[in-house]
Amino acid sequence: MMEGSIPHRRNGHSFVHRPMCQFRLLSALGLFTFIVLNASQLHLSSYHYPLFSNKRAPVHAAAIISRCRQLSLETGPPSDFHTRSQSDRFVPGAKPVLVKNARIWTGGKNGTEILRGDILLDKGLIKSIGRLGIKQTETYGNRLVVVDAKGAWITPGIVDIHSHLAVGSSPELSGAIDDNSYNGIVQPWLRSLDGLNTHDDAYLLSVAGGVTTSLILPGSADAIGGQAFVIKLRETAERSPSSMLVEPPYQINQSYPNPNLPLRWRHIKHACGENPSGIYHGTRMDTIWAFREAYNRARLIKERQDEFCSAALAGKWDNLGEFPDDLKWEALVDVLRGRVKVNIHCYEAVDIDSMVRLSNEFKFSIAAFHHASEAYLIPDLLKKSYGKPPAVALFATSSRYKREAYRASEFAPRILARHGLTALMKSDHPFINSRYLLHEVQQAYYYGFPENLALASVTSNSAETMGLGHRIGYIKEGWDADLVLWDSHPLALGATPMQVFIDGVAQLESPYVIPKPANFQRLPKVPNFDKEAHEAVAYEGLPPLFPKKSPLDLITFINVKSVYTHLMGSVHQMFFAQDDGHLGVVITRNGSIVCSGSSEACQKTPGLDHENMFTIDLAGGAISPGLVSFGSPLGLQHINQESSTNDGKVYDPLIRPIPKLVGGDNSIIRAVDGLLFGSRDALLAYRAGVTTAITAPAHGGFYAGLGTSFSLGASHKLEDGSVIQAVTAVHVSIRHLSKPSVSTQIAALRRLLTGPQNGAAGQWFKKVTDGDIPLVVEAHSADIIATLISLKKEVEATTHTTIKLTVTGASEAHLLAKELSEAGIGVILNPSRPFPAVWEDRRINPGPPITRESSITSLMTHNVVVGIGCVHSWAARSLPFDIAWAAIEAGGRISKEEAFAIGSSNVEKLLGGEARAEIHDLVATRGGDLLDARAKVVAVISPRRQLVDLL
Ligand SMILES: *[C@@H]1O[C@H](CO)[C@@H](O)[C@H](O)[C@H]1NC(C)=O
Ligand SMILES: *[C@@H]1O[C@H](CO)[C@@H](O)[C@H](O)[C@H]1NC(C)=O
Ligand SMILES: *[C@@H]1O[C@H](CO)[C@@H](O)[C@H](O)[C@H]1NC(C)=O
């Protein structure tokens, strides 16, 4: 009999997750078999659980009881967590480290605690902090590695709450795109862990920006995209994804080492709004229904579990069946049990409202809303979420790339903070290279996010939001030994790690340390944006941005520290006050400088009606050249992903013929014909001192067309001076990403330059071969750039002219710095700080702390003319920061004039812009010059438009 019962039990076993089937099986087997079955079980179970004398207790009663008890376990660290003497991530053999004489931002006291002293790291933990005497360290003998911080700032390692590092790998290759599954709108059973690429090029780069821990979220294609996992970014001896995890939930391998200990936090990704709607051809209504259906399913399972367990724990085994569970839904059931940090990609009020209702309907709390472009407009709604109000994870200025991001504000972090809500900064790596997550923080701080919360937003507060505040995000005794030693105050622009410790292990091998002036060690001063922040809310995210024209023709700028202007195609310092007692004056009439220098000298300028002057106090500020943006579709779009707001893309004759009506394949499109003035990206750039853009027609392949330069402050094309130069240069792109082959694209370019030059395209390419206008080629790979250098020589040998060639993008140009210089080819680096996004970008020059040279310094050392660009229209406003960054990173090897040139005159020169001085706008800044993160733009002086715009 017993033998005979065994097969049945085996069958029964496979029904663990299907309680309904089990019930049917039992009735079919009949009473006799049932009793025999239980007799055998009684023997086994009574062995473990003598308590259960109930004859019907099933064989695996012990497992069931243990499982049911688990339902009431807490989530989080065990109460004795901080008595640990060694980290579970300790690297055997790692030496103890004493970091001496540091200025320590601990993350404690709401981010206001700053200690001076030493930090002792051992066994993967922070062992002690303070003035450590010989007593505390002598036991280590000569194993102790001593690092003298010399008063430098130390923060906890940066904790990025939103990253796709390793699932959206770099360089992006089709064989390793593992962030989104498109197999269903609701898939809580998927795990980002299953796609973690251990060979992503970004690990080291992000560590070089101070990032030590990242929450790796699935993408946002699905409403429920799957479970997320926390990793540390260092290499492990095992070289496996699993060994990178921080406190992984026991569910990953069903190991519950001690059934009485609390469970570990799990993480899940949700998304609402445009992504799931678009991908699943639905609407917001469909997406929210998908959520409700899924959560209802999880709720029913949870209720059955609770009923089951109250019976089991009461010993009522009669007809109880198996523990109701479902591998596909167990993660959502755990959300309902409060064991999962729910991270929701959700932008607008309408979406956040739905998710807040969902959280209350199903009673689960939300860890954070991500992107959440309208969160700052709806603080009361956020506070209505079930449980604790969610944190809000934001970008600093990345906005308007899609409709739901249109009302995002750079003032959101400070506004949320004022409402007592937690604002976090996040990378969404590789969307924003997480190496520069701290730069997001610096920008948020610039726009008014209090400094303590700014630093907390990527350390203590992001760690707490992830449920890991008990071990990362702070510098406290007993916490993980994850530290960053910075070369400046971490909120100073360009702050770069001098060393990064993860689990007590130094991550940077012979880091290059940038020499920086002493004032970089202080908290930077920032301008006042109270009025702008108020208006962001008052206008529901769309405050008016057009400048006001000055009411008077004559304007005096007083208390001017320095004046830089364009002269003969480069930037020169015209005035500099040695000390604040001798600040100068600049007088403009109808947008042209009539006098600059000491106020005594300007008083004597003839013909000025000093009674009828408008005075602007620059408080030690400056007049600087207006900057020139290039590289994005700025001026051709309002919202990147909304085709109805854009000029659109040109035909690529390598893909399909250009219609005869346009002129066939010999036609060439002019960007000037598609200009759209007054986009928010244009006006925000203008308000940041980027007064001009040069834009090529938007294109998806080889053929672009004729670039144009125009004013970013103008309201339409017919306004005086709004189009600066209708045609600037001929643009094409040669990329591995385009079709057909690179060699075919080169063949097309060769024919356009040397073949019969017919039609409109022929005319413009003739101007190129005559050397009258530049040919601007977007190319990233050094191999393509080398081919272009050869092609230039080849063409010049036939035409006996000199072609003006500019390479843009140019991630690998530094490998050919000498050859580019010899060929007289200039370079516009775009993006300005390199990233190995795709294969043709992978051989980057990462710059400090990994290498001394950046791409910019390598090229400049070889006398290549260099400019910088930006990829996205929303980033045009950041050009002053980008240039300043390049200069800071060069450690004094790039002068202020050269830095201005990199973002203005060089860009114009390389792209065919005219160099006449009267073309150039100037920018008046208060509190510093345009490249100084303390400064605020207050006016644009435009000789071309004969006016001064007040901002
Ligand atoms: C934390 O700091 C912020 C900004 O400085 C302040 O507004 C807030 O009241 C502080 N919170 C606590 C609990 O001290
Ligand atoms: C299960 O995972 C945990 C956490 O990563 C690990 O410590 C443990 O060794 C694993 N157990 C097995 C049996 O693989
Ligand atoms: C300045 O512009 C005004 C019109 O705004 C014009 O009347 C005046 O003549 C101009 N002044 C000079 C010196 O060009």
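Please read all numbers here as calculations on a predicted model, not as lab measurements.

Let's talk about the side chain of Ser 460
Alright, step 1. If you trace the backbone, Ser 460 turns up in helix α15 (residues 460-465).
Alright, step 2. Classification of Ser 460 by relative accessible area gives buried; the value is 2%.
Alright, step 3. What Ser 460 contacts, discounting residues up to four positions off in sequence, is Trp 105, Gly 107, Gly 473 and Tyr 474.

Quick look at helix α13 (residues 437-446)
Alright, step 1. Within α13, ten of the ten residues are buried, which leaves it mostly tucked inside the rest of the structure.
Alright, step 2. Buried within α13 we find Leu 437, Leu 438, His 439, Glu 440, Val 441, Gln 442, Gln 443, Ala 444, Tyr 445 and Tyr 446.
Alright, step 3. After α13 finishes, the residue Gly 448 shows a positive phi value of roughly 115°.

With respect to the state of the cysteines
Alright, step 1. Scanning the entire structure with this criterion turns up three disulfides.
Alright, step 2. With its sulfur 2.0 Å from that of its partner, Cys 68 forms a disulfide with Cys 309. Linking Cys 68 and Cys 309, the disulfide has an S-S dihedral of approximately -70° and is accordingly described as left-handed. Separated by 241 residues along the polypeptide, Cys 68 in helix α3 (residues 61-70) and Cys 309 in helix α8 (residues 284-313) bring together distant segments of the chain.
Alright, step 3. Relative accessible area serves as the criterion here: at 3%, Cys 68 is assigned to the buried category.
Alright, step 4. With a sulfur-sulfur separation of 1.9 Å, Cys 595 is cross-linked through a disulfide to Cys 602. Disulfide Cys 595 to Cys 602: torsion about the S-S bond roughly -95°, handedness left-handed.
Alright, step 5. Shown here for the protein chain is a disulfide pattern of 1-3, 2-4, 5-6, where each number marks a bonded cysteine counted in sequence order.

With respect to the packing of α8 against helix α10 (residues 349-362)
Alright, step 1. Viewed as axis vectors pointing N to C, α8 and α10 meet at an angle of 15°, and their least axial separation amounts to 11 Å. Taken together, the axes of α8 and α10 are roughly parallel relative to one another. Two packed elements cross with a definite hand, and for α8 against α10 that hand is right-handed. Of the residues in α10, those touching α8 at Arg 284, Ile 288, Phe 291, Arg 292, Tyr 295, Asn 296 and Arg 299 are Val 350, Asp 351, Ser 354, Met 355, Leu 358, Glu 361 and Phe 362.

Considering the site of ligand 1
Alright, step 1. The local shell around ligand 1 consists of Asn 110, Pro 450, Asn 452 and Leu 453.
Alright, step 2. At 2.3 Å, a side-chain N or O of Asn 110 approaches an oxygen atom of ligand 1.
Alright, step 3. Within the side chain of Asn 452, one N or O atom sits 2.9 Å away from an oxygen atom of ligand 1.
Alright, step 4. For ligand 1, the accessible surface in isolation is 360 Å², of which the surrounding protein chains cover 34%.
Alright, step 5. Along the lines of polarity and charge, the residues of the shell around ligand 1 split into two nonpolar, two polar and no charged.

Here's the deal with a nonpolar patch on the surface
Alright, step 1. On the surface, Tyr 651, Leu 661, Val 662 and Ile 669 cluster together into a nonpolar patch covering about 390 Å² of accessible area.
Alright, step 2. Mapped onto the fold, Leu 661 is located in the loop between β23 (627-630) and α18 (680-687).
Alright, step 3. By relative accessible area, which is 85% here, Leu 661 ends up exposed.

Section: unusual backbone geometry
Alright, step 1. Residue Pro 430 is reached from His 429 by a cis peptide bond, and omega for that bond is 5°.
Alright, step 2. Tracing the backbone through its elements, the reader meets Pro 430 in the loop between β13 (423-425) and α13.
Alright, step 3. Cis geometry marks the peptide bond from Lys 739 to Pro 740; its omega dihedral reads -10°.
Alright, step 4. In this model, Lys 109 sits at a positive phi of 50°, which is unusual for a non-glycine residue.
Alright, step 5. In the Ramachandran plot, Gln 946 falls in the positive-phi region, its phi being about 55° despite a non-glycine side chain.
Alright, step 6. Within the fold, Gln 946 resides in the loop between β34 (936-942) and β35 (947-950).

With respect to helix α20 (residues 759-769)
Along an α-helix, a turn takes 3.6 residues, which lines up residues three or four apart on a common side.
Alright, step 1. Within α20 the residues assigned to the buried category are Ala 761, Gly 762, Trp 764, Phe 765, Val 768 and Thr 769.
Alright, step 2. Where α20 is buried, its residues meet β25 (703-706), β28 (730-733), α19 (742-754), β29 (775-779) and α21 (782-799).
Alright, step 3. Following α20 by one or two positions, Gly 771 has its phi on the positive side, about 80°.

Procedures and definitions
Residues numbered from 1 in each chain as written. Chains lettered and ligands numbered in written order. Predicted model: local features only at pLDDT ≥ 70, side-chain atom pairs only at ≥ 80, totals over all residues. Heavy atoms only, no water. Helix = DSSP H or I, 4+ residues; strand = E, 2+ residues; numbered from the N terminus. Buried < 20%, exposed > 50% of the residue type's maximum accessible area, 1.4 Å probe, protein only. Contact = heavy atoms within 4.5 Å. Disulfide = S-S within 2.5 Å. Axes fitted to C-alpha atoms, helices over the stretch in contact; angles between N-to-C directions. Parallel < 35°, antiparallel > 145°, perpendicular 65-115°, else oblique. Left-handed = near helix turned anticlockwise from the far one by under 90°. Near = heavy atom within 4 Å. Polar contact = N/O pair within 3.5 Å; in protein donor to acceptor, adjacent residues only side chain to side chain. Areas by Shrake-Rupley, 256 points an atom, 1.4 Å probe, with all protein chains shown as cover. Nonpolar A, V, L, I, M, F, W, Y, C, P; charged D, E, K, R; others polar. Patch = residues over 30% accessible without salt bridge, like charges linked within 9 Å, V, L, I, M, F, W, Y side chains within 5 Å. Salt bridge = Lys/Arg side-chain N within 4 Å of Asp/Glu carboxyl O.

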